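# Remarks on the overall topology
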Amino acid sequence: APNFIIDYCTEQLMPDGTATPLTEEGKKKVLAVVDKYSTRALRVLAIATKAMPKLPFDPKSDDLSTDAKFQACRQKLRLVGLVASIDPDRD
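What comes next is a walk through the structure. Small disclaimer: the values here were computed from a predicted structure and weren't measured.

### Considerations on the pairing of strand E4 (residues 77–86)
Examined bridge by bridge, strand E1 (residues 9–13) and E4 share 3 bridges and lie parallel to one another. Note on E4: the bridge partner recorded for Cys-9 is Leu-77. The pairing of strand E3 (residues 42–49) with E4 spans 8 bridges and is antiparallel. Within the sheet, the bridge partner assigned to Thr-49 lies in E4 and is Arg-78.

### Some details on the environment of Asp-58
Within the secondary structure, Asp-58 sits in the loop between E3 and helix H3 (66–73). Separated by 11 residues in sequence, Asp-58 and Lys-69 have C-alpha atoms that sit 9.2 Å apart. A polar atom in the side chain of Asp-58 sits 3.0 Å from the backbone nitrogen of Lys-60.

### With respect to unusual backbone geometry
Both trends apply: most residues other than glycine have a negative phi, and most peptide bonds are in trans. Of note, Ala-41 is a non-glycine position whose phi angle comes to about 65 degrees, a positive value. With relative accessibility at 56%, the residue Ala-41 sits in the exposed group. Even without a glycine there, the phi angle at Lys-76 is positive, about 55 degrees. Secondary-structure assignment places Lys-76 in the loop between H3 and E4.

Calculation rules
- Residues numbered from 1 in each chain as written.
- Predicted model: local features only at pLDDT ≥ 70, side-chain atom pairs only at ≥ 80, totals over all residues.
- Heavy atoms only, no water.
- Pairing = 2+ DSSP bridges.
- Helix = DSSP H or I, 4+ residues; strand = E, 2+ residues; numbered from the N terminus.
- Polar contact = N/O pair within 3.5 Å; in protein donor to acceptor, adjacent residues only side chain to side chain.
- Buried < 20%, exposed > 50% of the residue type's maximum accessible area, 1.4 Å probe, protein only.

Below is the structure:
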């Protein structure tokens, strides 16, 4: 769900390619767009990235669970945008 991804974002990518901090107010605005699309029966995805010159954990270590590894990777994400699609009718 987009709200989980947005919670991990600290920056947002702007149309000109720059990144700016994603404030709580900014997150509320993005979630308002998500709600707007959702009321139109659209499925909404939030796309976020993080540049990682190296992993934030030792990939050779078996001490960390997969969940802990994902937790370490999903900090300080940059929101790239939202994608909305409509589910086709089912027969």
